[in-house]
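# Descriptive structure summary
The residues making up each chain are set out below.
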Amino acid sequence: QVQLVESGGGLVQAGGSLRLSCAASGRTLRNEPMGWFRQGPGKEREFVAAIMWSAYTSYEDSVKGRFTISRDNAKNTVYLQMNSLKPEDTANYYCAAGGYGPLANPSKYSYWGQGTQVTVSS
């Protein structure tokens, strides 16, 4: 059974940076797509970024140029570097992996982490 554990969330002022990590255990995910989603208060879960085994990446429009997704297959870990954070980025951020289908569709993914809270103050 695959387990995903996120870390790196916290409280940061607008304009600041955070780096989220998602460590996978159970089996290697080097050939699996991995993604980040977020869910703010009273909102639906939304796509943030994803990375394929080929290192192809995809981003939600509002984070392009500010967030960078990367992966370290040797560590079975995916990262989300978040710069120039805005109050509207405040949400619980979830790591997802595996499955088939469009990268931005949460129902595509087979495995999910428990989430890490990111709060951006103005």
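Residues numbered from 1 in each chain as written. Predicted model: local features only at pLDDT ≥ 70, side-chain atom pairs only at ≥ 80, totals over all residues. Heavy atoms only, no water.

## Quick notes on the side chain of Arg66
For Arg66, the location among the structural elements is in the loop between strand 6 (57-59) and strand 7 (67-72). At a separation of 3.0 Å, a polar atom in the side chain of Arg66 contacts the main-chain carbonyl oxygen of Ser84. Within the local environment of Arg66, its side chain forms a polar contact with the side chain of Asp89, the two groups lying 2.8 Å apart. The residues contacting Arg66, other than those within four sequence positions of it, are Gln81, Met82, Asn83, Ser84, Leu85, Lys86 and Asp89. (Helix = DSSP H or I, 4+ residues; strand = E, 2+ residues; numbered from the N terminus. Polar contact = N/O pair within 3.5 Å; in protein donor to acceptor, adjacent residues only side chain to side chain. Contact = heavy atoms within 4.5 Å.)

## What to know about the pattern of salt bridges
Counted under the stated rule, the structure contains five salt bridges. The partner of Arg27 in a salt bridge is Glu32, with the nearest N and O atoms 3.2 Å apart. Judged by its relative accessible area of 35%, Arg27 falls in the partly exposed class. Since its relative accessible area comes to 18%, Glu32 is described here as buried. Between Arg38 and Asp89 there is a salt bridge, and its shortest N-O distance comes to 3.0 Å. Here the residue Arg38 occupies a position in strand 4 (residues 34-39), and Asp89 occupies one in the loop between strand 8 (77-82) and strand 9 (91-97), the gap between them amounting to 51 residues. By relative accessible area, which is 5% here, Arg38 ends up buried. (Salt bridge = Lys/Arg side-chain N within 4 Å of Asp/Glu carboxyl O. Buried < 20%, exposed > 50% of the residue type's maximum accessible area, 1.4 Å probe, protein only.)

## A look at the packing of aromatic side chains
A complete count under the given rule lists four aromatic pairs for this structure. Each ring, one from Phe37 and one from Phe47, has its centre 5.7 Å from the other, and the planes form 70 degrees; the classification is edge-to-face. Of the two residues, Phe37 sits in strand 4 while Phe47 sits in strand 5 (residues 46-51), which places them 10 residues apart along the sequence. Accessibility classification places Phe37 together with Phe47 in one group, the buried group. Here Tyr109 and Trp112 contribute two aromatic rings whose centre-to-centre distance is 6.1 Å and whose plane-to-plane angle is 70 degrees, an arrangement assigned as edge-to-face. (Phe/Tyr/Trp six-rings, centres within 6.5 Å; stacked < 30°, edge-to-face > 60°.)

## Concerning unusual backbone geometry
Negative phi values dominate among residues other than glycine, just as trans dominates among peptide bonds. One non-glycine residue with positive phi stands out, namely Ala55, at about 80 degrees. Mapped onto the elements, Ala55 comes out in the loop between strand 5 and strand 6. The backbone of Ser84 shows a phi angle near 50 degrees, a positive value even though the residue is not glycine. Positionally, Ser84 belongs in the loop between strand 8 and strand 9. Assessed through its relative accessible area of 41%, Ser84 is described here as partly exposed.

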